[in-house]
Amino acid sequence: MNIEFDDGYSFGLGLFETILLYDNRAIFLEEHIARINNSLVTLGINANKLTKDEIEKFLDNSKSLFSETKKKEVLKIVISEKNRVFLRKDYSYKEEDFEKGFKIDISSVLRNETSVLTYHKTLNYGDNILEKRKSKKNNYDEPIFLNSKGEITEGATTNIFFIKDKKIYTPRLSCGLLNGTLRKYILLNYEVTEKKIYLDEVDTYDEIFVTNSLLGVMPVIQFGGKRLESTKLSKKIRLNYEKKLNIL
């Protein structure tokens, strides 16, 4: 694989998408394509738009490299001005991870809600990776970022949702976060209130769950020192999602 050192690999001005594959079928493919192509335009990256045909061609050509018994895999796409990379990877989450649920906590790093990079899935991902690694060392699964105003934004790799009295809430995009494909799915299929959510409000919520393309819907069992007594509705939302997309 030959990589040219353009602004993507020199300064992080490139983009990536991580897509769930189920039986060689890319989940939310059109949504992922639309997001990366929109980001190419918004960030002024001079690269050809990503197409469905080139993804499907890669999947067909690489299918034999993976075992037929693997239902779930991961497709990663990286695009910069002079580079275009497609990779197939193993899916790492297991059913017991969902049964156990996630532990999350607040990161000491602030999310910059004034930066355009915050709202796009760019190769400027160092804060996310370093904080994610730190969370594992500290025995929790996902760091959650506050912005400069103390508002909850998102996780290192996830969007976050809160449930109170069976009503769903999530931070506004303007707080500084990536509009994930699963976030869009939840907002499209459920009545969700987007609002500013502060750390001192967390104790008032009954359930919390986080989402991303690979996890789908992950129930949260602990946020910092707060134990969540219920994951019932979160698990129901997950089951409905997997049934609807036929990825059980």
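Residues numbered from 1 in each chain as written. Predicted model: local features only at pLDDT ≥ 70, side-chain atom pairs only at ≥ 80, totals over all residues. Heavy atoms only, no water.

Caption draft 1: Inspection of the pairing of strand S5 (residues 102-111) at higher detail. Note: S5 against strand S12 (residues 216-223), three bridges, orientation parallel. Across the sheet, residue isoleucine 104 finds its bridge partner in S12, namely phenylalanine 223. In the sheet, S5 pairs with strand S6 (residues 142-147) via five bridges, with the strands oriented parallel. By the bridge assignment for S6, arginine 111 is matched with asparagine 147. Crossover S5 to S6 through helix H5 (residues 126-137) is right-handed. (Pairing = 2+ DSSP bridges. Helix = DSSP H or I, 4+ residues; strand = E, 2+ residues; numbered from the N terminus. Right-handed = clockwise from strand over helix to strand, strands pointing away.)

Caption draft 2: Focus on helix H2 (residues 29-42). Spanning 14 residues, H2 covers 20 Å between terminal C-alpha atoms, matching the ideal 20 Å at 1.5 Å per step. Looking at H2, one finds that the buried residues are Leu29, His32, Ile33, Arg35, Ile36, Asn37, Ser39 and Leu40. Packing partners of the buried residues in H2 comprise strand S1 (15-22), strand S2 (25-26), helix H3 (52-62), strand S3 (72-79) and helix H6 (181-189). Glycine 44 occupies a position one or two residues after H2 and carries a positive phi of about 70°. (Expected span 1.5 Å × (residues − 1). Buried < 20%, exposed > 50% of the residue type's maximum accessible area, 1.4 Å probe, protein only. Contact = heavy atoms within 4.5 Å.)

Honestly, it's all geometry; don't read function into it.
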